[in-house]
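# Structure at a glance
These are the residues of each chain, in order.
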Amino acid sequence: MAKEELMQFDGLVLEILPDARYRVQLDQGHEIVAYTAGKMKKNRIKTLAGDRVTVEMSPYDLEKGRLVFRHKDERSAGPRPPFRGGSQFRRR
């Protein structure tokens with residue numbers, strides 16, 4: 001028997017809950033509780049309140065989901081300052 005396809009929705013993290021869970025408001029207006037996917041934990045991707053995220057949900061339980069992607073915000077997309085090589089201390 002084939003596995004059911006997961007549905008993906010975009011949303012906004014409203015609140016960080018205990019036990020690595022988040023309250024997410026989907027673009028359609030529904031609020032769900034979601035947890036961080038294993039790949040996001042493995043790569044140490046942090047999620048804060050106010051972040052735009054993509055959530056995977058099973059068609060059987062539409063109240064729970066899994067955060068699979070955190071979208072980059074516009075303010076962090078700007079150019080970075082140039083890297084100044086060398087050590088932390090000044091030579092005399």
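Refer to the structure printed above.
The text that follows walks through the structure, step by step, so that each part is easy to find. Just so it is clear, the structure is predicted and the values come from calculations on it, not from any experiment.

## What to know about the overall build of the chain
For the chain, the count of helices and strands is 1 helix and 5 strands. Of the regular secondary structure in the chain, the N- to C-terminal order runs β-β-β-α-β-β. Residues classed as buried in the chain amount to 22% of the 92 residues present. A separation threshold of at least 6 residues defines the contact pool for the chain, and within that pool the share at least 24 residues apart is 51%. For the chain, the computed accessible surface area is about 8,100 Å², with 51% contributed by carbon and sulfur atoms.

## Some points on the nonpolar core
Core analysis: the biggest nonpolar cluster contains 11 residues, these being Val13, Tyr22, Val24, Leu26, Ile32, Ala34, Met40, Val53, Val55, Met57 and Leu67. Counting only elements with at least two residues in this core, the list comes to strand 2 (21-26), strand 3 (31-36) and strand 4 (52-57).

## A short note on the layout of surface pockets
As a volume, the largest pocket reaches approximately 180 Å³. Per element, the largest residue contribution to the lining of the largest pocket is 3 residues, and it comes from strand 5 (residues 64-70). Looking at the lining of the largest pocket residue by residue, the classes come out as 4 nonpolar, 2 polar and 5 charged.

The rules behind each value
- Residues numbered from 1 in each chain as written.
- Predicted model: local features only at pLDDT ≥ 70, side-chain atom pairs only at ≥ 80, totals over all residues.
- Heavy atoms only, no water.
- Helix = DSSP H or I, 4+ residues; strand = E, 2+ residues; numbered from the N terminus.
- Buried < 20%, exposed > 50% of the residue type's maximum accessible area, 1.4 Å probe, protein only.
- Contact = heavy atoms within 4.5 Å.
- Areas by Shrake-Rupley, 256 points an atom, 1.4 Å probe, with all protein chains shown as cover.
- Core = buried A, V, L, I, M, F, W, Y, C linked by side-chain atoms within 4.5 Å.
- 1 Å grid on protein atoms, 1.4 Å probe; cavity = no way out; pocket = protein on both sides within 12 Å on 5 of 7 lines; lining within 4 Å.
- Points joined across faces, edges and corners; volume = space filled by probe spheres on them.
- Nonpolar A, V, L, I, M, F, W, Y, C, P; charged D, E, K, R; others polar.

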